[in-house]
Amino acid sequence: MWIFNNLMRKWPNIVRRHVSTKSTTIATLSAKLSGYGVKQSIVQKALDKVANDVTIDLANWNEDMIHKVVEAFIKEKFPMILVLNKVDMADSDINISRICNKYSNYPIIPTSAATEIFLRKLTKAGYINYTPGSPNYETLQDQQIRQLNENEKLLKCLDDKLTKQLNKVQDLVLFRFGSTGIEMAIKRAVELAKLIPVYPVGCLNTFASEIIKHQHQHQHQHQHQHQLDNLIIKVNHLKIVF
């Protein structure tokens, strides 16, 4: 609402200057919204979205039209998603329904950051196999009914306390929402921002990172030094006979 209020306070002056300079609607709006780092292309996209509700010349706009233009501009310039955290709480359904009804025009993603952290900690500790964003996880009992992959380690046995906590996580989060929502929220935010993720690599063949590249180089140097040490040992033990 702050953008709308800023425009409304200055609207008579904006219209007078717009008419006197014979500017286009896009040029006038772009100038007034320049403080938000806006380009004319964004203003044009916002106007295109409300073309059926707003007249071409802003000199004829009323308060309702200005509000619609500002709303379209905000969605174009500042795309938003509503991430509803703490859905692991038993009474979260009430708040989720209330927010969904009030903000139905925005993407809404229910999440449980606490659940995501809990599952990742158990994975790191070797109790479960869990992939972030997955609707389920694997325990030792699940692992024992399938063939293990090469070099795959057996998971640790869950005690009663951890088993109860995992069952609660399944009931309150995974079964109800399909995942913890964290990965989905990040993915949706990147999509809305229309970003192209890039990252530096150390090898164009494997796309390994610089860190992995340096690790491999260090490992190779260590192996080379080890081979050299062995060679020196062998040379020292040679008996030279004339």
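Source: prediction; values computed, not measured.

**Thoughts on the overall build of the protein**
The number of helices and strands found in the protein is ten helices and two strands. Secondary structure elements of the protein occur, N-terminal to C-terminal, as α-α-α-α-β-α-β-α-α-α-α-α. Here the protein holds 242 residues, and 27% of them are scored as buried. Relative to all contacts within the protein whose residues are 6 or more apart in sequence, the contacts with residues 24 or more apart total 61%. Accessible area of the protein: about 17,600 Å², with a carbon and sulfur share of 57%.

**Brief notes about the side chain of Ser-179**
Mapping Ser-179 onto the fold places it in the loop between helix H8 (160-177) and helix H9 (182-193). Among the polar contacts made by the side chain of Ser-179, one reaches the main-chain amide nitrogen of Gly-181 at a distance of 3.1 Å. Leave out the neighbours within four places in its chain, and Ser-179 touches Gly-133, Ser-134, Val-173, Leu-174 and Met-184.

**Side note on helix H4 (residues 63-77)**
Over its 15 residues, H4 runs 21 Å from end to end, which matches the ideal 21 Å to within 8%, given 1.5 Å per residue. Those residues of H4 that sit buried are Met-65, Ile-66, Val-69, Val-70, Ala-72, Phe-73, Ile-74 and Glu-76. Where the residues of H4 are buried, they touch helix H1 (2-21), helix H2 (25-32) and helix H3 (40-49). A distance of 3.2 Å separates the backbone nitrogen of Asp-64 from a side-chain oxygen at the start of H4, and that oxygen is part of Asn-62.

**Some words on the packing of aromatic side chains**
Counted under the stated rule, the structure contains three aromatic pairs. Between the aromatic rings of Trp-11 and Trp-61, the centroid separation amounts to 6.0 Å while the plane-to-plane angle is 10°, which identifies the pairing as stacked. A residue pair is termed long-range when its members are at least 10 positions apart, and Trp-11 in helix H1 and Trp-61 in the loop between H3 and H4 qualify at 50 residues. For Trp-11, a relative accessible area of 9% translates into the label buried. A relative accessible area of 7% places Trp-61 in the buried class.

**Brief notes about the side chain of Gln-143**
Tracing the backbone through its elements, the reader meets Gln-143 in helix H7 (residues 140-143). The residues touching Gln-143, leaving out its near neighbours within four places in the chain, are Asn-129, Glu-138, Leu-148, Glu-152, Lys-153, Leu-154 and Leu-155.

**Some thoughts on the environment of Tyr-130**
Looking at the element boundaries, Tyr-130 is found in the loop between helix H6 (113-125) and H7. A relative accessible area of 7% means that Tyr-130 is categorised as buried. Here the alpha-carbon distance between Tyr-130 and Leu-119, two residues eleven residues apart in the chain, equals 6.8 Å. Tyr-130 has contacts with Glu-116, Leu-119, Arg-120, Thr-123, Asn-136, Tyr-137 and Thr-180, leaving out every residue within four places of it along the chain. Within the structure, Tyr-130 has its side chain in polar contact with the side chain of Glu-116 (distance 2.8 Å). At a separation of 3.4 Å, a polar atom in the side chain of Tyr-130 contacts the main-chain amide nitrogen of Gly-133.

Rules used throughout
- Here, residues in each chain are numbered from 1, in the same order as that chain's written sequence.
- For this predicted model, a pLDDT threshold of at least 70 governs which residues receive local features, and a threshold of 80 or more governs which side-chain atom pairs are given and counted, while totals over whole chains, interfaces and linings are taken from all residues.
- Values shown for side chains rest on all heavy atoms present in the structure; no hydrogens or waters enter the calculation.
- Helical segments are the DSSP runs of H or I of at least four residues, strand segments are the runs of E of at least two, and each set is numbered from the N terminus.
- Each residue's exposure class comes from its accessible area (1.4 Å probe, protein chains only) as a fraction of the maximum for that residue type: buried when under 20%, exposed when over 50%, partly exposed otherwise.
- Here a residue-residue contact requires only that any non-hydrogen atoms of the pair lie within 4.5 Å.
- We get accessible surface area from the Shrake-Rupley algorithm with a probe of 1.4 Å; when it comes to residues, only the shown protein chains can shield them.
- Pairs of N or O atoms within 3.5 Å make up the polar contacts considered here, provided that, within protein, one atom can donate a hydrogen while the other can accept it, and that residues adjacent in sequence are counted only when both atoms are side-chain atoms.
- Here the expected span of a helix is defined as 1.5 Å times the quantity of residues minus one.
- By convention, a stacked pair of Phe, Tyr or Trp rings (six-membered ring in the case of Trp) has centres within 6.5 Å and planes under 30 degrees apart, an edge-to-face pair has planes over 60 apart, and any other such pair is tilted.

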